[in-house]
Each structure stands twice: as C-alpha cells, then as structure tokens.
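A closer look at the structure
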Amino acid sequence: MRTILAIDTIEGKCVRLTKGDFGTRKVYNNDPLEVAKEAEDNGIGYLHLVDLDGARNGKPENLRVLEKLAARTTLSIDFGGGIRKDDDIVSAFNAGANQITAGSIAVTDVELFVRWLSLYGHDKLILGADFRDGKVSTAGWIKDSETELIPFLKDYISKGVKYTICTDIEKDGMLKGPATDLYKKITGELEISLIASGGISSVKDLEDIEKAGCEGVIIGKAFYEGRITFNDLKNLC
C-alpha cells in the first residue's frame, strides 16, 4: 500500500481544515516546500497536493506551489483543486503534476472528464470521489449532490477509470478513524485502485486500511499533529 502525504494549500501556505470547513483553517507551515523536502528525506515518495483556494473558487490558484515542489523534489505529485477546464488541466501538468485529481467536474461534466481520461490515460487521471452520508460532494465540499457514491464509482469504472480517492468528509480532520467498512465494501465489489482518505489517526488505522484492500492511503492531520511519524511509516513499510 502506498503512503501519500497530503499538503493542502491556502494562499500558498500548508494548512489543514476540519470537515472541509474553511473557518477551521490551521496553518502548519508557511512554506509547503519545507514539508515536502522533509517527507522526501524520510522516504516518502508520493504527495497529494490540494489547492483549497482553487477548489472553492473554481480555478487553480496555487500552481506556483506545485511548480516549486515539482522542480525541487523528486516526489510524485497528484494535484487537485479547481480543475474545471482544459486550460486548467494543461496548466497543472505543465507545472509538474504527475497525476490530476478531478472531482467536481466528474459530477457536473461527465463528457469532459471522459474526454480527459481518453486524452491523458487512466494512469494520469484520478477520480476524486469525496462523499458525505454516502453521496458525492463538490466545489471544495461546499456543495452536496444527490449522486450515490458506489454507483458513481461503478459508472466511471465502466468508462475506464483506474484510480479513485474517496474521502469521508464527516471524518476528515477529526482523527477518529477512517471509513474502513465502506472501503472494504468498495474493494470487495469493484475493480478499482482505491486510495483512502479522511479520519486516519494512528498506525492501526493504516494497518486496517491496508487489510481493507486499499491501494494507497493519504495521511494529513495525523502527521501534522504528531499522531503518525516518519519512523512509524518506515516501520510499517
């Protein structure tokens, strides 16, 4: 199972939110590069970089952070937040993203998402399937849709999606454990590389997620709050 460090950015700073609420913003580092370099130095190879300004405003706003991290580390970076148009995804790849995570557009413009899937390939595009109460949310988790999560995943698998990040919004930043039972259900029913996100609080959570069959796990607040350390991750591997 791949271990992926999350760096969420607002105004170029490394922050964390709780349940996606911008009012709960906590700044952990003014320079995301410092965080990324430390992760790289400690054997982390993957980074989930989220442009929260972009997610809220509907266009990428922290591409300079992506450019800096891509140019000055060897991390494999997946980037998301505000990817709504062709120009957005081109700009993100040009800035150094290895993969793009697209969520809102997969709900609001299926035709465009499928065209990107065809154009860039299933290894380059990650389906962002963030959910609340079993239904997919969009626009930086501000808007809830009526789209049920598992049928949503099934439909996109039939269209060629290989990777998905599923974040339980109600668990995100709460440090009370992930949606392990749901992840087991997804991996048991569907052929997809599932990346778990939200609620991770301990090494045991990571072990449970791996047993659930997830291909990867994103660690955010648990790392920044010292609940999971680089040494823990080394021992886990």
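Before any of the text, the structure's been laid out above.
Residues numbered from 1 in each chain as written. Predicted model: local features only at pLDDT ≥ 70, side-chain atom pairs only at ≥ 80, totals over all residues. Heavy atoms only, no water.

**Let's talk about the overall build of the chain**
The helix and strand tally for the chain stands at 11 helices and 13 strands. Relative to the globule expectation of 18 Å for 237 residues, the C-alpha radius of gyration of the chain, 16 Å, shows essentially globular dimensions. Taken along its principal axes, the extent of the C-alpha atoms in the chain is 40 × 35 × 35 Å. Within the chain, the proportion of its 237 residues that are buried is 55%. Sequence-distant contacts in the chain: of pairs separated by 6 or more residues, those separated by 24 or more amount to 65%. Carbon together with sulfur atoms contributes 43% to the accessible area of the chain, which is approximately 10300 Å² in total. (Helix = DSSP H or I, 4+ residues; strand = E, 2+ residues; numbered from the N terminus. Rg over C-alpha atoms; globule rule 2.2 N^0.38 Å. Buried < 20%, exposed > 50% of the residue type's maximum accessible area, 1.4 Å probe, protein only. Contact = heavy atoms within 4.5 Å. Areas by Shrake-Rupley, 256 points an atom, 1.4 Å probe, with all protein chains shown as cover.)

**Topic: the pairing of strand β5 (residues 76–80)**
Burial analysis of β5 places 4 of its 5 residues in the buried class, which makes it a mostly covered element. Across 5 bridges, the pairing between strand β4 (residues 46–51) and β5 is parallel. Directly across from His48, in β5, lies its bridge partner Asp78. Across 3 bridges, β5 lies against strand β6 (residues 99–102) in parallel orientation. If you follow Phe79 over to β6, its bridge partner there is Ile100. Since β5 and β6 lie parallel, the crossover through helix α4 (residues 86–94) that links them has a hand, and here it is right-handed. (Pairing = 2+ DSSP bridges. Right-handed = clockwise from strand over helix to strand, strands pointing away.)

**With respect to the environment of Gly20**
Checked against the element boundaries, Gly20 lands in the loop between β2 (13–18) and β3 (21–29). Gly20 sits in the buried class, given a relative accessible area of 13%. Remark: the alpha-carbon pair of Gly20 and Pro60, spanning 40 residues in sequence, is separated by 17 Å.

**Here we look at the pattern of salt bridges**
Close approach of charged atoms lets side chains of opposite charge pair. Summed over all chains, the structure comprises 11 salt bridges. Where Asp123 meets Lys162, a salt bridge forms, and the shortest distance between an N and an O atom there is 3.1 Å. One end of the pair, Asp123, is in the loop between α6 (110–120) and β7 (125–128); the other, Lys162, is in the loop between α7 (149–158) and β11 (163–167), and 39 residues separate them in sequence. On the basis of relative accessibility, which here comes to 30%, the residue Lys162 falls in the partly exposed class. Note that Asp155 and Lys159 form a salt bridge whose closest N and O atoms lie 2.8 Å from each other. Note on Asp155: relative accessible area 33%, which makes it partly exposed. (Salt bridge = Lys/Arg side-chain N within 4 Å of Asp/Glu carboxyl O.)

**A word on helix α8 (residues 180–189)**
The complete set of buried residues in α8 reads Thr180, Tyr183 and Ile186. One side of α8 holds all its buried residues, which, seen down the axis, span an arc of 120 degrees. Residues of α8 that are exposed and point over 90 degrees away from its buried face: Asp181 and Gly188. Structurally, α8 contributes buried residues whose contacts are with α7, β11, β12 (193–197) and α9 (203–211). (Arc of directions from axis to C-beta.)

**Section: the packing of α7 against α8**
It is the contact of α7 with α8, at a shortest axis distance of 11 Å, that shows an interaxial angle of 30 degrees. With respect to each other, α7 and α8 are oriented roughly parallel. As for how α7 packs across α8, the hand of that crossing is right-handed. Taking contact as the criterion, the partners of Leu149, Ile150, Leu153 and Lys154 in α7 are, on α8, Leu182, Lys185, Ile186 and Glu189. For the contact of α7 with α8, the class distribution of residues is 5 nonpolar, no polar and 3 charged. (Axes fitted to C-alpha atoms, helices over the stretch in contact; angles between N-to-C directions. Parallel < 35°, antiparallel > 145°, perpendicular 65-115°, else oblique. Left-handed = near helix turned anticlockwise from the far one by under 90°. Nonpolar A, V, L, I, M, F, W, Y, C, P; charged D, E, K, R; others polar.)

**Describing α4**
Those residues of α4 that sit buried are Asp88, Ile89, Ala92 and Phe93. For α4, the angular spread of buried residues about the axis comes to 125 degrees, placing them on one side. Among the exposed residues of α4, those pointing more than 90 degrees away from its buried face are Asp87 and Asn94.

**Section: the nonpolar core**
Of all hydrophobic cores here, the largest spans 63 residues; its most connected members are Ile7, Leu69, Ile100, Phe113, Cys166 and Ile186. Looking at which element gives the most residues to this core, the answer is α7, with 5 residues. In this structure, Ile4, Ile165, Ile195 and Ile218 belong to the second largest nonpolar core, which totals 7 residues. (Core = buried A, V, L, I, M, F, W, Y, C linked by side-chain atoms within 4.5 Å.)

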